[in-house]
Amino acid sequence: MFGQGKRLVCGLVCEMEHRVAALRSQLADLGQEHVLAGLESGDGSQRESLVEQLSGIDLPLFRRALADVVRTFKGKQDRLPIPPKPFPQAKWEGLQNWISSPDDVPTGNDDTAGWWSEGLRLVADGEVAVLVLAGGQGTRLGPGAPVAKGMLELSVPEPKSLFQLQAERLLLVEDLASFVTGTEIKRRIPWLVMTSDATDSATRAFFEEKAFFGLDKSQVWFLKQSSLPCVDLNEGHAMLMETPWKVAMAPAGNGALFSDLRAAGFIKKLSSQGIKYVQVYAVDNALARVADPVFYGFVHEHQAEVGVKVVSKKNAKESVGVVCLHQEGNSAEKSERYGVIEYSEMPQSMTTAKDDSGELQFRAAHICINMFSVQYLEKLTDSDYQLEFHPAVKRIPHMRENSGTWESVNPEKPNGIKLEQFIFDSFQCCDSEKVALLEVNREEEFAPIKNAVGPGVADSAATATELLLALKRRVNSLPPKAGTLSKGFSLLKAYAGGATQDITSDLVNLSVE
Ligand SMILES: CC(=O)N[C@H]1[C@@H](OP(=O)(O)OP(=O)(O)OC[C@H]2O[C@@H](n3ccc(=O)[nH]c3=O)[C@H](O)[C@@H]2O)O[C@H](CO)[C@@H](O)[C@@H]1O
């Protein structure tokens, strides 16, 4: 008996030693062996947890990510071999604003009205889904912020979380589709919620606590995105340690969406359910039109694979990526591909460049509301195309081993790098004629929350609340419509105005003729 127990312990120890040896050689190959230092001092469970964590890291992916980032630091010219061109003026003028007045929408006379009805038909036929990018850590919001940005409450005027506002809009679109088509919709709109290690458990618990905001539990599909180790800024880019037994990790950027969707089997699931389009949006935009029928209809009518909402950039300093055209090939066979230059990577000369009319040359701002056809998602993830990794330079508190003792480092300045893929790099894989841009009204669709509230600070919960309340006031002041359209119009107003309590409760009393 005793002998068997001894053999078992020996077996476990030997297995652990084997795993450590295998990891040591893989890590040494990457110049990252230092992450095993904690094994010298940890107790059994600490050592085990470090080995467990390291075994779960996708080291080949880490190697590729690091190589991309090193190349970026070596010289930006590698990334942009031919300078990108601004989105052309002629095309810009052809972009459409929609719903400047919600009065336009149900009349059925112009493009917008057509897209609106077509979009609602797609909703009613169960051909659409929507996905919220909610894996970001929201560190810019400061220490008092919730773990997941979607849990952030705005006073509009009653307190509502971003997730709740979004769920309400989703429910309104379902009601609208059913109202307009006069039938029950074929399928509740699937709402894919992309979380990360940093936000997953808090987000799931929040949805449970709020009873899924009145949605069907089965229509919410959680997807936890992948994470990668953070590295320091110095040459060599050593992985940073959160504790002696834990590598500091960060979500791998919103572009991780594609491979993670595929790995979770969600692309197959979408396709097998007959879903054609997925609208993807950032969680931190208080005015995002969730499951926007106009956007579905617009992309469908243009037979596009990728749809991109843009607004005109406010000023040169605004922290937004801009849509541009990347030129490829030689002079004989030149082709152009849509892309986005992120604000953090845009050279000053391009940021401030003006055209002949005095407008910013690069001003088609990407607001992180995009559409992908499911066919395109299949094509992209079946291909060899790999989204590039970008360095996100951040302040990363960590622990460091110094002659056998561990000390905490709380840097004041950015000291580390998070390795991130960007969602918009997927546009470059799409033929340019299959990409459709829709210009939308910033006051109606773009209220980003990026920074902690403070005097004169842009893009905070306070500025977003103001924008939401201003839109509500505007939409609520529109004269009521009598007759058949009254209910549809009220639903529409509630949707356009951010699902106000007062309008939605009024709906109960509205009769449809
Ligand atoms: C890469 C990207 O899209 N950049 C856009 C983002 O910038 P910005 O720098 O604000 O990008 P964020 O890091 O806030 O990410 C945008 C969205 O992606 C989510 N997220 C981020 C990282 C991650 O690993 N996982 C994840 O889900 C965030 O939760 C957020 O919903 O919004 C701006 C508009 O406000 C755009 O002009 C930028 O072009």
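Residues numbered from 1 in each chain as written. Predicted model: local features only at pLDDT ≥ 70, side-chain atom pairs only at ≥ 80, totals over all residues. Heavy atoms only, no water.

In the nomenclature of an unreviewed UniProt entry, the protein corresponds to UDP-N-acetylglucosamine pyrophosphorylase from the organism Ceratodon purpureus.

**Topic: the site of the ligand**
Residues in close proximity to the ligand total 24 residues, the closest being Q225, E342, Y343, H366 and K450. In the environment of the ligand, a nitrogen atom lies 2.6 Å from a nitrogen or oxygen atom belonging to the side chain of Q225. Contact between the ligand and G321: an oxygen atom at 2.9 Å from a main-chain N or O atom of the residue. Burial of the ligand by the protein chains amounts to 92% of its free accessible area of 730 Å². Across the shell around the ligand, the residue classes break down as 13 nonpolar, 7 polar and 4 charged. (Near = heavy atom within 4 Å. Polar contact = N/O pair within 3.5 Å; in protein donor to acceptor, adjacent residues only side chain to side chain. Areas by Shrake-Rupley, 256 points an atom, 1.4 Å probe, with all protein chains shown as cover. Nonpolar A, V, L, I, M, F, W, Y, C, P; charged D, E, K, R; others polar.)

**Thoughts on a nonpolar patch on the surface**
A cluster of nonpolar side chains, contributed by F73, L233 and V393, occupies part of the molecular surface with about 230 Å² of accessible area. Within the secondary structure layout, F73 lies in helix α3 (residues 59-74). (Patch = residues over 30% accessible without salt bridge, like charges linked within 9 Å, V, L, I, M, F, W, Y side chains within 5 Å. Salt bridge = Lys/Arg side-chain N within 4 Å of Asp/Glu carboxyl O. Helix = DSSP H or I, 4+ residues; strand = E, 2+ residues; numbered from the N terminus.)

**Some points on the pairing of strand β6 (residues 220-224)**
Where burial is concerned, most of β6 is hidden: 4 out of the 5 residues are buried. Bridge count between strand β5 (residues 191-195) and β6: 5 bridges; the pairing is parallel. Looking across to β6, one finds that T195 is bridged to K224. The parallel pair β5 and β6, bridged by helix α7 (residues 200-209), forms a crossover whose chirality is right-handed. (Buried < 20%, exposed > 50% of the residue type's maximum accessible area, 1.4 Å probe, protein only. Pairing = 2+ DSSP bridges. Right-handed = clockwise from strand over helix to strand, strands pointing away.)

**Remarks on the side chain of S196**
Tracing the backbone through its elements, the reader meets S196 in the loop between β5 and α7. Ignoring anything within four residues of it in the chain, the contact list for S196 reads G135, K224, Q225 and P251. (Contact = heavy atoms within 4.5 Å.)

**Observations concerning the packing of helix α5 (residues 111-124) against helix α10 (residues 293-301)**
Here α5 crosses α10 at 100°, and the two axes come no closer than 6 Å. Taken together, the axes of α5 and α10 are roughly perpendicular relative to one another. Within the contact between the two elements, α5 uses T112, W115, W116, E118, G119, L120, R121, L122 and V123 and α10 uses P293, V294, Y296, G297, F298, H300 and E301. For the contact of α5 with α10, a count of residues per class yields 9 nonpolar, 4 polar and 3 charged. (Axes fitted to C-alpha atoms, helices over the stretch in contact; angles between N-to-C directions. Parallel < 35°, antiparallel > 145°, perpendicular 65-115°, else oblique.)

**Comments concerning the confidence of the model for the protein**
Of all residues in the protein, 86% attain a pLDDT of 70 or more, and the chain-wide mean is 87. Low pLDDT (under 50) marks residues 499-513, which in the prediction has 28 contacts with non-local residues, meaning those over four places away or in another chain. Here the predicted complex scores 0.91 on pTM and 0.99 on ipTM. (pLDDT = per-residue confidence, 0-100.)

**A word on the pairing of strand β2 (residues 128-133)**
Where burial is concerned, most of β2 is hidden: 6 out of the 6 residues are buried. Alternating positions in β2 separate into two faces, V128, V130 and V132 on one and A129, L131 and L133 on the other, with burial throughout. Note: β2 against strand β12 (residues 277-282), 6 bridges, orientation parallel. Bridging from a neighbouring strand, L131 pairs with V280 of β12. In terms of strand pairing, β2 meets β5 through 4 bridges, oriented parallel. Bridging across to β5, L131 finds its partner in L192.

**Overview of α7**
Every buried residue belonging to α7 is among D200, A202, T203, F206 and F207, and all of these are buried. Those residues of α7 that are buried lie in contact with β4 (159-161), α6 (162-181), β5 and β6.

**A short note on the nonpolar core**
Grouped together as the largest cluster of nonpolar side chains are 57 residues, with contacts concentrated most on F163, W191, F207 and Y296. Counting residues per element, this core draws most heavily on α6, at 7 residues. Ignoring sequence-local partners within four residues, the contact set of F207 consists of F163, W191, V193, F212, F213, V220 and F222. The next biggest cluster of nonpolar side chains, apart from the first, holds 40 residues, and it includes L192, V340, F422 and V435. (Core = buried A, V, L, I, M, F, W, Y, C linked by side-chain atoms within 4.5 Å.)

**What about the packing of aromatic side chains?**
For the structure on display, the rule yields 15 aromatic pairs. With 5.7 Å between their ring centres and 70° between their planes, F207 and F212 make a pair best called edge-to-face. Neither F207 nor F212 differs from the other in exposure class; each is buried. Between F372 and Y376, the ring centres sit 6.4 Å apart and the planes meet at 10°, which makes this aromatic pair stacked. Note on F372: relative accessible area 1%, which makes it buried. (Phe/Tyr/Trp six-rings, centres within 6.5 Å; stacked < 30°, edge-to-face > 60°.)

**Structural notes on the packing of α5 against α6**
Running from N to C, α5 and α6 cross one another at 100°; their axes reach a closest spacing of 9 Å. Between α5 and α6, the interaxial angle falls into the category roughly perpendicular. Residue-level contacts link W116, L120, V123 and A124 of α5 to V173, L176, A177, V180 and T181 of α6. Grouping the constituent residues of the contact of α5 with α6 by class yields 8 nonpolar, 1 polar and no charged.

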